[in-house]
Amino acid sequence: MSFAKRMSNIQASATVAAFARAGELKRQGVDLISLVAGEPDFDTPEHIQDAGIEAIRTGKTKYTNPASGIPELKDAICNKFQQDNNLSYAPQQIIVTCGAKQTIFDAIVVLIDEGDEVVIPAPYWTSYADQVRLMGGTPVIVPTAPDRNFCMTARQLQDAISSRTKMVMLNSPCNPTGGVYSHSDLQAIADVIAWAGIYVITDEIYEKLLYDGAQHISIASLIPELMNKTLTVNGVSKAYAMTGWRVGYGAGPQDLIANMIKVQSQETTNTCSISQYAALEALNGPQGCVETMRQAFEKRRNQIVEGLNNLPGFQCRTPQGAFYAFPDVTKLFGASSSWGKIESDIDLCNFLLDEARVACVPGAGFGTSGYLRFSYAASSQDIQEALDRIQTALTQLN
Ligand code: PMP
Ligand code: GLU
């Protein structure tokens, strides 16, 4: 078969691939603890499930009109942005998509031409760079410092901007590091973006999962003129345990959104009608479920960070947001056992899969070798069992 040249520029999503591999092993009967999936292990809260069932029973099972999101949901999203993020958007500035992943992809399709540069701080969520490459753009990767919570500085951003820079992508709280931008760091970054006149996609999907008093700020709220250059991305997957429902959304300047709606009309039409009614209940219904899950994640975060730091060769910072631990494992490089030699995070990930029966994702999948990503959106028992298994497997290494 002869495939389009663009296919040689991208790889399958590292997270989706690792998830599939862990799933396959489990189906084969392997007793595996998987800390791969970036999704809450909780069920979708019952009142949201009920709204989905009600939508089916009342015939909300057709294409939605408009395809870019039912009006009630767009109104709820506008209210959410106003209340939570101090952002004033009108319904025509909103698009509802099949997950936040599609919002981001549609924006890249609309904005990026062959040769355009997109600044992406690393570690980054695995899909950003390949989505840019798929559209012929060039990701300009900016490595961030662990002791700055893996947050890019304004100076780093300024240095990365060239005459070809079209856009920068931000993600706070960050997958995979859990880093959260402080108000002052974000203000400095906003100043650089406004000065350069570039676009920004800000992926805020983990905004509700914050710990230790960390605060979430939407960059578009910091400088009025940024509203014309910012796509603010969010969704219900993480905050409401709704990953499978596939509802994400974006808000931005009306011309950008209109073009994204045009793209969506040619690819998926609308996201699932039933899911849109469930998302409406998620946003308008009682919010206690979000805090209940956040508190559970916080306990598990404390458990996994402490446990990882007690393992030889693991150094783990305490993440301030999201639900991932991202330890530095470089001290283990060079170690060997009858399994073979550990020379990279990919080797260590495979060693842990084979010898500990614990699945995680190598940092390389997020543009940063030398780390592993463990999702702690898993039960405390599974986290403890994973830590015990890793501890035992590591005794093989010398
Ligand atoms: N952004 C980040 C940083 C993520 O981790 C995810 C997880 N899948 C997404 C976007 C997309 O989420 P969804 O498509 O489920 O809304
Ligand atoms: N975002 C999640 C993760 O990072 C889900 C998989 C994906 O869509 O990348 O694991």
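Structure: see above.
Described below are features of the structure shown in this document.

The full set close to ligand 1 counts 13 residues, and Ala100, Asn175, Asp203, Tyr206 and Lys238 are the nearest of them. At 2.7 Å, a side-chain N or O of Ser237 approaches an oxygen atom of ligand 1. Relative to its free-state accessible area of 390 Å², ligand 1 is covered by the protein chains to the extent of 92%. With 3 residues, the single largest contributor to the shell around ligand 1 is helix H4 (residues 99-111). Residues of the shell around ligand 1, tallied by class, amount to 5 nonpolar, 4 polar and 4 charged.

As a further point, take the sheet that holds strand E9 (residues 324-325). With respect to topology, 3 strands assemble into an open sheet ordered E9-E14-E13, the strand pairing being antiparallel. Every interior strand has two partners, whereas the edge strands, E9 and strand E13 (361-362), have only one. Relative to strand E14 (residues 372-375), E9 is paired through 2 bridges, and the arrangement is antiparallel. Pairing of Ala325 across the sheet is with Phe374, part of E14.

Across the 5 residues that make up strand E6 (residues 199-203), a large majority, 4, are buried. One ladder, built from 4 bridges, connects E6 with strand E7 (residues 230-235); its direction is parallel. The residue bridging Val200 from the neighbouring strand is Thr230, located in E7.

For the rest of this paragraph, the subject is the nonpolar core. Counting 95 residues, the largest nonpolar core has Met169, Tyr240, Phe314 and Phe374 as the members making the most contacts within it. Beyond its immediate stretch of four places on either side in the chain, Tyr240 contacts Thr44, Pro45, Ile48, Ala282, Leu283, Gln287, Cys289, Val290 and Met293. Val142, Tyr181, Ile193 and Ile217 belong to the second-largest nonpolar core, a separate cluster that totals 23 residues.

What surrounds ligand 2 is the set Thr15, Val16, Gly38, Lys101, Trp125, Asn175, Lys238, Tyr324 and Arg373. Within the side chain of Trp125, an N or O atom sits 3.1 Å from an oxygen atom of ligand 2. Asn175 has a polar side-chain atom sitting 2.9 Å from an oxygen atom of ligand 2.

Here we take up the pairing of strand E4 (residues 138-143). As judged from the 6 bridges shared by strand E3 (residues 117-122) and E4, these two strands associate in the parallel manner. Looking across to E4, one finds that Ala122 is bridged to Pro143. On the question of chirality, the crossover connecting E3 to the parallel E4 by way of helix H5 (residues 127-134) is right-handed.

This next bit is on the packing of H4 against H5. Here H4 crosses H5 at 35°, and the two axes come no closer than 9 Å. The crossing of H4 and H5 is right-handed. Along the contact surface, H4 presents Lys101, Ile104, Phe105 and Ile108, while H5 presents Ser127, Tyr128, Gln131, Val132 and Leu134. When grouped by side-chain class, the residues that make up the contact of H4 with H5 number 6 nonpolar, 2 polar and 1 charged.

Attention shifts here to the packing of helix H11 (residues 345-356) against helix H12 (residues 380-394). Where H11 contacts H12, the axes come no closer than 10 Å and their chain directions differ by 100°. Considering their axes alone, H11 and H12 lie roughly perpendicular with respect to each other. Along the contact surface, H11 presents Phe351, Leu352, Glu355 and Ala356, while H12 presents Arg389, Ile390, Ala393 and Leu394. For the contact of H11 with H12, a count of residues per class yields 6 nonpolar, no polar and 2 charged.

What follows is about the packing of aromatic side chains. What the rule picks out here adds up to 13 aromatic pairs. Here Phe81 and Tyr89 contribute two aromatic rings whose centre-to-centre distance is 5.3 Å and whose plane-to-plane angle is 70°, an arrangement assigned as edge-to-face. You'll find Phe81 and Tyr89 in the same group, each marked buried. Ring centres 5.7 Å apart and planes at 80° place the aromatic pair Phe81 and Tyr249 in the edge-to-face group. Placement of the pair is Phe81 in helix H3 (residues 71-85) and Tyr249 in strand E8 (residues 248-251), with a sequence separation of 168 residues.

The end-to-end C-alpha distance of helix H2 (residues 46-57), which contains 12 residues, comes to 16 Å, matching closely the 16 Å that a straight helix rising 1.5 Å per residue would cover. Taken together, the buried positions of H2 are occupied by Ile48, Ala51, Gly52 and Ala55. Here the buried residues of H2 occupy an arc of 100° about the axis, which is enough to place them on one side. Along H2, the residues that are exposed and aim more than 90 degrees away from the buried face are Glu46 and Arg57. Contacts from the buried residues of H2 go to helix H9 (273-284). Once H2 ends, the next one or two residues include Gly59, with phi positive near 80°.

Here is what the cut-offs are and how they apply
- Residues numbered from 1 in each chain as written.
- Chains lettered and ligands numbered in written order.
- Predicted model: local features only at pLDDT ≥ 70, side-chain atom pairs only at ≥ 80, totals over all residues.
- Heavy atoms only, no water.
- Near = heavy atom within 4 Å.
- Polar contact = N/O pair within 3.5 Å; in protein donor to acceptor, adjacent residues only side chain to side chain.
- Areas by Shrake-Rupley, 256 points an atom, 1.4 Å probe, with all protein chains shown as cover.
- Helix = DSSP H or I, 4+ residues; strand = E, 2+ residues; numbered from the N terminus.
- Nonpolar A, V, L, I, M, F, W, Y, C, P; charged D, E, K, R; others polar.
- Pairing = 2+ DSSP bridges.
- Buried < 20%, exposed > 50% of the residue type's maximum accessible area, 1.4 Å probe, protein only.
- Core = buried A, V, L, I, M, F, W, Y, C linked by side-chain atoms within 4.5 Å.
- Contact = heavy atoms within 4.5 Å.
- Right-handed = clockwise from strand over helix to strand, strands pointing away.
- Axes fitted to C-alpha atoms, helices over the stretch in contact; angles between N-to-C directions.
- Left-handed = near helix turned anticlockwise from the far one by under 90°.
- Parallel < 35°, antiparallel > 145°, perpendicular 65-115°, else oblique.
- Phe/Tyr/Trp six-rings, centres within 6.5 Å; stacked < 30°, edge-to-face > 60°.
- Expected span 1.5 Å × (residues − 1).
- Arc of directions from axis to C-beta.

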